[in-house]
Structures are given as C-alpha cells and as structure tokens.
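# Topology and contacts: notes
Each chain, letter by letter, is given below.
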Amino acid sequence: MTARTPRRPVAVTVGRRGTLSPVLQDAWDRLWPRWGMRIVEGGPDSAEEPRAGAELPDLVEWFGRAAPLVLDIGFGNGAATAALAEQLPDHNVLAVERYKPGLAQLLQLLDGRGLDNVRLLRADATAVLDRLPPGSLAMARILFPDPWPKTRHHKRRLVNLWTVAQIAERLCVGGVLHVATDDANYAEAIAGSLADEPRLVALPAERSVPSRPTTAFEARAQRAGRVVTEFAVSRRTTGSAQEPGND
C-alpha cells in the first residue's frame, strides 16, 4: 500500500447561527450552564457564551465521577447519543457538536429521560482530540460525518489518516472506534485510513457496538437508496497503551 501523509482536516468554524424555538431556548438556558461548554481557540468568548474556554475542564469533576469515557462526535439531533447514554449508564459520554439547535435538542432529551452521564462540547472535533490525553477513551463514535463530496473539499472531511491516528492514540487497549457513512466514496476513503493505522484491528466477532436508533441522516439515505457502511475497529491488545479512564 502506498504511504500517505496524514493531514489534519481543515477545521469547520463553530457557527453562531441557529434559531431556537421557545421550548429549546428554555432547555438551553436551564441546562447548558450545567451540562455544556464551548471550546474556543485562543481563549474564552464570554460575550457570546459564558460557558466557554480554551481548555477542557477536569472531566472527573465535570461528570462528578471517574468512569470509562466515550467520545460521540457530530450527534445531529441527539437521539442516538441519548440512546447510547441509556445503554452505557456506567460510562461518561462526551458529546461534540458545532450547531446550537442540535445541542439544545440533546439537552432536552437528557432532561426528559433523566440522564446525567452526558456532557456537551460545542467545538470542532479536532480541537477536542487535541485536548484529550492518550489512552483516555473506551470508545469513539462518528455517525454520518459530512462527506464533503466535491474533491476540492475533501480536505475538510473529518475521518482521514490524521484523525484515525489521533483517535487510535487516545483509545485504551481494546477501545472501540465506530464510524458510519452513507457516501460510497467516503466509505472507501475511511476504509483506507483504517487499514493504514497499525494500532487498530477489526472488532472481534464476539464483540459488538451499542445499538442505536436510525438517525435522520440515515433515514434520508435509505429513502434515497444509498447504502450505509459501518466500520467497527478496536485498539490492539498488544503494545503499550493505558487502561480505560479519563485522568
């Protein structure tokens, strides 16, 4: 296989747009100060969002406990994230999304279902990966990332050699990476990036990823007749890596 140079994805700016309904605005006002934080490159933007900073908070303090950590990147309307939190009550789920309406929808779901094991980050995923220590993740999940179908935009695709290497470094031994896409070209590129990362292997047959509801993106793909491709790999059990945790 021809060697390729890992390149950091071009970051997509955290947008400030997104009108909230009165119900979602109420959820945001009540719950964001407790469960959410914005990661701002270069320092806090207190005028825009009081809960903002350049660094991650202490995760044990923020969650109120030490537990295996799951990173859920780009969760859309939050339904799959809420389902994940319900299935993994003994895990801490760190959910990353750029868009305020999706964040508010997840806050509403968590509140309605009485879930307290999720914390939300409004940030570009690469900024979050920069701040997580090696061996800190029990699982990372990326469902239906933007495929950026035009060739000139492929540099913005989140899942590439660089990102896969960053996640592999942050997975504990046996930790899982789960990715899904409905774009055939992107699926081929993801498969190549996973194959080129020596620290990752296919998830053993006796293991499985948590089930999830059909996402809005997935339903749209199914209606359009597109095939959904899923990848599940794990950090090799040989070699050096830390055990699960979020120290």
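Computed from a predicted model, the values in this text were never measured in an experiment. (Residues numbered from 1 in each chain as written. Predicted model: local features only at pLDDT ≥ 70, side-chain atom pairs only at ≥ 80, totals over all residues. Heavy atoms only, no water.)

## Section: the pairing of strand β5 (residues 118-122)
With 5 of 5 residues buried, β5 is to be regarded as a mostly interior element. Neither face of β5 is exposed, since Val-118, Leu-120 and Arg-122 on one face and Arg-119 and Leu-121 on the opposite face are all buried. One ladder, built from 3 bridges, connects strand β1 (residues 36-39) with β5; its direction is parallel. The residue of β5 that forms the bridge with Met-37 is Leu-121. Relative to β5, strand β4 (residues 92-97) runs parallel, the two sharing 5 bridges. Paired with Val-96 across the strands is Leu-121, a residue of β5. With respect to chirality, the unit in which β4 leads through helix α4 (residues 100-113) into the neighbouring parallel β5 is right-handed. (Buried < 20%, exposed > 50% of the residue type's maximum accessible area, 1.4 Å probe, protein only. Helix = DSSP H or I, 4+ residues; strand = E, 2+ residues; numbered from the N terminus. Pairing = 2+ DSSP bridges. Right-handed = clockwise from strand over helix to strand, strands pointing away.)

## Examining the pairing of strand β6 (residues 137-143)
The buried count for β6 comes to 7 of 7 residues, which makes it a mostly enclosed element. Where strand β3 (residues 69-73) and β6 come together, 5 bridges link them in parallel fashion. The residue of β6 that forms the bridge with Leu-71 is Ala-140. Direction of pairing for β6 relative to strand β7 (residues 171-181): parallel, over a ladder of 6 bridges. From the neighbouring strand, Leu-143 faces β7, where its bridge partner is Ala-180.

## Some remarks on the UniProt feature "binding site: substrate" (unreviewed entry) in the chain
Here the UniProt-annotated "binding site: substrate" (unreviewed entry) positions come out as Lys-150, Asp-182, Thr-215, Ala-216, Phe-217 and Glu-218. For the largest pocket, the lining residues among the annotations just cited are Asp-182, Thr-215, Ala-216 and Phe-217. Its place among the elements puts Lys-150 in the loop between β6 and α6 (161-170). Its location among the elements puts Phe-217 in helix α8 (residues 216-223). (UniProt positions renumbered as here; feature names shortened; annotations may be inferred. 1 Å grid on protein atoms, 1.4 Å probe; cavity = no way out; pocket = protein on both sides within 12 Å on 5 of 7 lines; lining within 4 Å.)

## So, α6
Most of α6 sits out of view: 9 of its 10 residues are buried. For α6, the set of buried residues is Leu-161, Trp-162, Thr-163, Val-164, Ala-165, Gln-166, Ile-167, Ala-168 and Arg-170. Sitting at the head of α6, Asn-160 places a side-chain oxygen 3.1 Å from the backbone nitrogen of Trp-162. (Polar contact = N/O pair within 3.5 Å; in protein donor to acceptor, adjacent residues only side chain to side chain.)

## Things to note about the sheet that holds β5
One open sheet accounts for 9 strands, arranged β2-β1-β5-β4-β3-β6-β7-β9-β8; its pairing is mixed. Every other strand in the sheet has two partners, leaving β2 (52-53) and β8 (200-202) as the edge strands with one partner each. Lying on the sheet, helix α7 (residues 184-195) is in contact with β7, β8 and β9 (229-235); it crosses β9 at an angle near 10°. (Contact = heavy atoms within 4.5 Å. Axes fitted to C-alpha atoms, helices over the stretch in contact; angles between N-to-C directions.)

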